[in-house]
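Inside the fold
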Amino acid sequence: MSPGEPSRKSRAWFAAGIVAFLALSIGRLAAHPAPFSYLDIQIGSNGLSGRLVLHSIDLAHDLRIADPSQLANPAFVNERQAAIASLMGPRVGLELDGVPAPWNVVGAQPLPEQDGVELRWEARADRIPGRLTLKAHVFPYDPNHQTFVNVYEQGELVRQAVLSRDRTGLDFYTGTRQGTLAVLQAFTASGVHHIAIGPDHILFIVGLLLLGGSIPRLLGIITAFTLGHSVTLALATLRILDPPGHLVEPAIALSIVYIGADNLLVGSSGRDVRPWVALGFGLVHGFGFASVLRETGLPDHALGLSLFAFNLGVEIGQALIVVIVASALAMLRRRNAAVARQVAIAGSITVMLAGAFWFFERVL
């Protein structure tokens, strides 16, 4: 045996092992389907209709059918139509204008070429809805499963989305007058809600109010803030200018530090540049608002209206804060001006410390 012969045999065995591994891997891939399902939704004057396509292996798993190939038999699928509908009913939920819309399976058939089963369904309604809400988690046992959704209005494809374990729902607004009103209502409420749950934005606004002033002047300062964030909110939402969150969030925290420090400096210098500060830092806060607004899901056909409604909601939320905080501070000044000045100083220091905490937290 020559010195090189053992190495040639070793290489041959190694190559054979690689081929065997690839063959087994390909066999496993062929035996396990891509974890997808498909949901088509047709919106019409009489309600909703569509189809739901489920992969045979996923369906067999949850129905405890030992041989998934049985689901290629029309008679077998027909016998189990009620069981399939019962399985899917709680996993696919529809709401029309906030009201649950039960859907009914009106037919089922196998799709052998797709290794799947198609359910035809409908949900009756007396008019075209303004807002359609879908909640779908079709096969919870598989964490990688995805559902591809197509929404049609008047026969035209108007919305596509992919639902998964991390995103189980979507809202769709129709192109009707009811849809326009639904957009206005939903995004205005979203703007108010975002201000109510955003402690950093609230503290920034409170910092702007600590030095006092008439209600019209304070509302003017807050409106300057709204003008600023409206510009960058639109730019970021349209992806024209969209800085990363790891820069935006610390910058928002620094704006809070600045407004607290500026309040203390104003107390000694007498100057008041709050409208300009609000306008300038509104540009920064707008980028933060945009990330929230994108998660809500903007309707393409009513993009301008949804941006306007969200900004309107933010302005309403801010105005409520102005009226409440400014009225309380004004009452305190009338009763005891010295105490009111101490509150303004303590409040400004608190604003600075909170902003500094958020800055280091967001950077580190």
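In what follows, the structure referred to is the one given above.
Residues numbered from 1 in each chain as written. Predicted model: local features only at pLDDT ≥ 70, side-chain atom pairs only at ≥ 80, totals over all residues. Heavy atoms only, no water.

Moving on, we come to a nonpolar patch on the surface. A cluster of nonpolar residues, Leu184, Phe308, Leu312, Ile316, Leu320 and Ile324, forms a patch on the protein surface that exposes about 540 Å² of accessible area. Here the nonpolar patch gets five residues from one element, more than from any other, and that element is helix H10 (residues 303-335). When you line up the elements, Leu312 lands in helix H10. (Patch = residues over 30% accessible without salt bridge, like charges linked within 9 Å, V, L, I, M, F, W, Y side chains within 5 Å. Areas by Shrake-Rupley, 256 points an atom, 1.4 Å probe, with all protein chains shown as cover. Salt bridge = Lys/Arg side-chain N within 4 Å of Asp/Glu carboxyl O. Helix = DSSP H or I, 4+ residues; strand = E, 2+ residues; numbered from the N terminus.)

This brings us to helix H7 (residues 215-237). Over its 23 residues, H7 runs 32 Å from end to end, which matches the ideal 33 Å to within 8%, given 1.5 Å per residue. Just past H7, the residue Arg239 takes up positive phi, approximately 65°. (Expected span 1.5 Å × (residues − 1).)

This part is about the nonpolar core. In terms of nonpolar packing, the biggest core is built from 43 residues, with Phe187, Leu208 and Leu233 touching the most fellow members. Sorting the residues of this core by element identifies helix H5 (177-196), helix H6 (199-209), H7, helix H8 (245-269), helix H9 (274-296), H10 and helix H11 (337-363) as the ones contributing at least two each. (Core = buried A, V, L, I, M, F, W, Y, C linked by side-chain atoms within 4.5 Å. Buried < 20%, exposed > 50% of the residue type's maximum accessible area, 1.4 Å probe, protein only.)

Applying the stated criterion across every chain yields a total of 10 aromatic pairs. Where Phe204 meets Phe225, the ring centres are 5.2 Å apart and the plane angle is 35°; that geometry is what we call tilted. Pair noted here: Phe204 is in helix H6 and Phe225 is in helix H7, with a separation of 21 residues, a long-range link. With respect to burial, Phe204 and Phe225 carry one shared label: buried. (Phe/Tyr/Trp six-rings, centres within 6.5 Å; stacked < 30°, edge-to-face > 60°.)

Here we come to the sheet that holds strand E7 (residues 131-136). Sheet architecture is open: four strands sit in the order E4-E3-E7-E10, paired in antiparallel fashion. Lying at the two open borders of the sheet, with one neighbouring strand each, are strand E4 (99-100) and strand E10 (169-173). By the bridge criterion, five bridges tie strand E3 (residues 92-96) to E7 in an arrangement that is antiparallel. Opposite Val92, over in E7, you have Ala136 as the bridge partner. In this fold H5 packs onto E7 and E10, with an angle of close to 130° to the strand it touches most, E10. (Pairing = 2+ DSSP bridges. Contact = heavy atoms within 4.5 Å. Axes fitted to C-alpha atoms, helices over the stretch in contact; angles between N-to-C directions.)

Across the sheet, six strands lie side by side as E5-E6-E2-E1-E8-E9; this open sheet has mixed pairing. One side of each edge strand has no neighbouring strand; the edge strands of this open sheet are strand E5 (104-111) and strand E9 (156-163). Between one strand axis and the next, the sheet turns by 15° as a mean value, whatever way the strands run. As defined by bridge partners, strand E8 (residues 146-153) adjoins E9 across seven bridges and the pair is classed as antiparallel. When the bridges of E9 are listed, Asn150 appears paired with Gln160. Along the sheet face, helix H2 (residues 56-63) touches strand E2 (47-55) and strand E6 (116-124) and points at about 90° away from the line of E2. Sitting on the sheet, helix H4 (residues 81-88) touches E2, E5 and E6, and the angle it makes with E5 is about 115°.

A few words now on the environment of Leu39. Relative to the assigned elements, Leu39 resides in strand E1 (residues 36-44). Classification of Leu39 as buried rests on a relative accessible area of 2%. Leu39 sits 111 residues away from Asn150 along the chain, and the two C-alpha atoms are 6.4 Å apart. Setting aside its immediate chain neighbours within four residues, Leu39 contacts Arg51, Leu52, Val92, Trp121, Leu134, Thr147, Phe148, Val149 and Asn150.

Turning our attention to the pattern of salt bridges. For the structure on display, the rule yields nine salt bridges. With a shortest N-O distance of 2.6 Å, Asp62 and Arg91 are connected by a salt bridge. Taken as a pair, Asp62 in helix H2 and Arg91 in the loop between H4 and E3 lie far apart in primary sequence, 29 residues in all. Residue Arg127 pairs with Asp97 through a salt bridge whose shortest N-O separation is 3.1 Å. Here Arg127 is found in the loop between E6 and E7, whereas its partner Asp97 is found in the loop between E3 and E4, with 30 residues between them in sequence.

This part is about the pairing of E2. Most of E2 is tucked away, with seven of its nine residues classed as buried. Strand direction decides the pairing type here: E1 and E2, joined by seven bridges, are antiparallel. The residue bridging Ile43 from the neighbouring strand is Leu48, located in E2. Taking the residues that link successive antiparallel strands as the turn, the E1-E2 hairpin has two residues. Here E2 runs beside E6; their pairing, made up of nine bridges, is antiparallel. Bridging from a neighbouring strand, Val53 pairs with Glu118 of E6.

Here we come to H11. Taking 1.5 Å per residue, 27 residues should reach 39 Å; H11 reaches 39 Å between its end C-alpha atoms and fits that length. Those residues of H11 lying buried are Ala340, Ala344, Gly347, Ser348, Val351, Ala354, Gly355 and Trp358. The residue sitting at the N-terminus of H11 and contributing the capping side-chain oxygen is Asn336; that oxygen lies 3.2 Å from the backbone nitrogen of Ala338. (Polar contact = N/O pair within 3.5 Å; in protein donor to acceptor, adjacent residues only side chain to side chain.)

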